[in-house]
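This is what each chain is made of:
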Amino acid sequence: MPTQDSPQSKRPELGWVAREVQEEFPELHLIAVEIEAEVGSASPPSLARQVRQISDRWSGARAINLRREPVPAAYRVFFRHIGLDPDVTRTPIEAAIFERLMDGGFLSRGRLVDVLLLALIETGVPVWALDAATIDGPLGIRLSQGEPLGSTDEARMLPVGQMVIADAHSALAVLFGEIAAEHQPLPSTRRLMLFTVQVAGVSMMHVEEALWMCTSALTD
């Protein structure tokens, strides 16, 4: 990671984790960084080309063996610990590889989506993006109190006890899942909050590399 702050971004910071969650999962961490970036829409040709090139490295045989690699395996173990069957609800990298097999290759879907995909495929660590202008205070992980996902009238209700990403005001996203519509970046978004979730068995080196890849690509 860069040793000095750039004018486009701040240093990555640890988010908060609610006490009851931390007691059960002491190695669970949220790491976030806010950046200034032009989200835009279509990927530049060089980025779209990178997306096409990584498709060639993923055959069906490698995809089958993916779950045995240390970082993907760590997320599979965590999914089971929180009551998710990773063979039904796929981990982020397994979901991306499954989509690649179904589509016959990774497809370029826009600058931000492509950058997040490349970081995921290269490191195994998922990174998500929120519109930083819609967030109230630092991000953290807590349990839902039986509340809406987001704060709009159309927001769906979350079950009590579901793990969520939240700010000081509301639940912004389901852990490893859906992001509330009003917090998703738009092509006009100018400030992003990038975040990732570290679980037991995933080193900080992998986490920092994933965030660095995203911040570098989006602030160039």
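Below, the structure is looked at part by part. Counting starts from 1 at the beginning of each chain's written sequence and moves along it residue by residue. Given that this is a predicted model, residues contribute local features only at a pLDDT of at least 70 and side-chain atom pairs are listed and counted only at 80 or more, while totals for whole chains, interfaces and linings are drawn from all residues. Side-chain numbers come from the whole structure's heavy atoms, not from hydrogens or water.

## What to know about the packing of aromatic side chains
At step 1: Two aromatic rings, drawn from Phe, Tyr or Trp (for Trp, its six-membered ring), form a pair once their centres lie within 6.5 Å of each other, and the interplanar angle then sorts them: stacked below 30 degrees, edge-to-face above 60, tilted otherwise. What the rule picks out here adds up to 6 aromatic pairs.
At step 2: Pairing Phe25 with Phe78 gives two aromatic rings, centres 5.2 Å apart and planes at 65°, and the pair type is edge-to-face. Of the two residues, Phe25 sits in the loop between helix H1 (19-24) and strand E3 (29-36) while Phe78 sits in helix H4 (residues 70-81), which places them 53 residues apart along the sequence. Here Phe25 and Phe78 have matching classes, each one buried.
At step 3: Relative to Phe176, the ring of Tyr75 lies with its centre 5.9 Å away and its plane at 80°, an arrangement referred to as edge-to-face. Comment: elements are numbered from the N terminus, with helices defined as DSSP H or I runs of at least four residues and strands as E runs of at least two. Type-normalised accessible area, obtained with a 1.4 Å probe on protein chains alone, sets the label of each residue: buried when under 20%, exposed when over 50%, and partly exposed for intermediate values.

## Concerning unusual backbone geometry
At step 1: The backbone phi angle of Phe176 is positive, close to 65°, even though this residue is not glycine.
At step 2: Tracing the backbone through its elements, the reader meets Phe176 in the loop between strand E7 (171-174) and strand E8 (191-198).
At step 3: Taking the relative accessible area as the measure of exposure, Phe176 reaches 15% and is therefore buried.

## A word on the packing of helix H6 (residues 111-123) against helix H7 (residues 204-219)
What describes two packed helices is the angle between their axes and the distance between those same axes.
At step 1: Interaxial angles span 0 to 180 degrees and are taken between N-to-C directions of axes, which are lines fitted to C-alpha atoms, for helices over the stretch in contact. Two numbers describe how H6 lies on H7: the axes approach to 9 Å, and their chain directions differ by 150°. In terms of orientation, H6 and H7 fall into the roughly antiparallel class. By crossing handedness, the relation of H6 to H7 is classed as right-handed. The residues of H7 that touch H6, namely those facing Arg111, Leu112, Val115, Leu116, Leu118, Ala119, Glu122 and Thr123, are His206, Glu209, Ala210, Met213, Cys214, Ala217, Leu218 and Thr219.
At step 2: Here the residues of the contact of H6 with H7 sort into 10 nonpolar, 3 polar and 3 charged. For classification, angles of less than 35 degrees are called roughly parallel, those exceeding 145 degrees roughly antiparallel, those between 65 and 115 degrees roughly perpendicular, and all remaining angles oblique. For any pair of crossing helices, the crossing counts as left-handed if the nearer helix is rotated counterclockwise from the farther one by less than a right angle, and right-handed if it is rotated clockwise. Any two residues whose heavy atoms approach within 4.5 Å are treated as being in contact. Amino acids are sorted into nonpolar (Ala, Val, Leu, Ile, Met, Phe, Trp, Tyr, Cys and Pro), charged (Asp, Glu, Lys and Arg) and polar (every other residue, Gly among them).

## Topic: empty space enclosed by the protein
At step 1: Every definition here rests on a 1 Å grid over the protein atoms only: cavities are sets of points where a 1.4 Å probe fits but cannot get out, pockets are open sets enclosed by protein on both sides within 12 Å along at least five of seven lines, and lining residues have some atom within 4 Å of a point. Grid points are joined across faces, edges and corners, and a volume is the space filled by probe spheres set on the points. Scanning the entire structure with this criterion turns up 1 cavity of 30 Å³ or more.
At step 2: Roughly 40 Å³ of internal volume is contained in the largest cavity.
At step 3: Every residue along the wall of the largest cavity is listed here: Trp128, Ile165, Ala173, Val174, Leu175, Phe176, Gly177, Ile179, Phe195 and Val197.
At step 4: Counting residues per element, the ones that place at least two in the lining of the largest cavity are E7 and E8.
At step 5: Within the lining of the largest cavity, the residues separate by chemical class into 9 nonpolar, 1 polar and no charged.

## Observations concerning the side chain of Asp167
At step 1: Relative to the elements of secondary structure, Asp167 occurs in the loop between strand E6 (163-166) and E7.
At step 2: One buried charged residue, Asp167, remains without a salt bridge, the closest side chain of opposite sign being Arg142 at 6.5 Å.
At step 3: Think of a polar contact as two N or O atoms within 3.5 Å of one another; within protein, one of them needs to be a possible hydrogen donor and the other a possible acceptor, and neighboring residues in sequence only count if both atoms come from side chains. A distance of 2.8 Å separates a polar side-chain atom of Asp167 from the backbone nitrogen of His169.
At step 4: A polar contact is formed between the side chain of Asp167 and the backbone nitrogen of Ser170, at a distance of 2.8 Å. All tallies of charge rest on Lys and Arg as positive and Asp and Glu as negative; His and the ends of each chain are not included. Any Lys or Arg side-chain nitrogen located within 4 Å of an Asp or Glu carboxyl oxygen qualifies as a salt bridge.

## Concerning the sheet that holds E8
At step 1: By this definition, two strands are paired if DSSP reports at least two bridges between them. Pairing in this open sheet of 4 strands is antiparallel, and the strands run E1-E3-E8-E4 from one edge to the other. The sheet is open, and its two borders are formed by strand E1 (13-14) and strand E4 (127-131), each paired with just one other strand.
At step 2: Looking at chain direction, E4 and E8 are connected through 5 bridges and run antiparallel. Each bridged residue has a counterpart across the sheet, and for Leu130 the counterpart in E8 is Met193.

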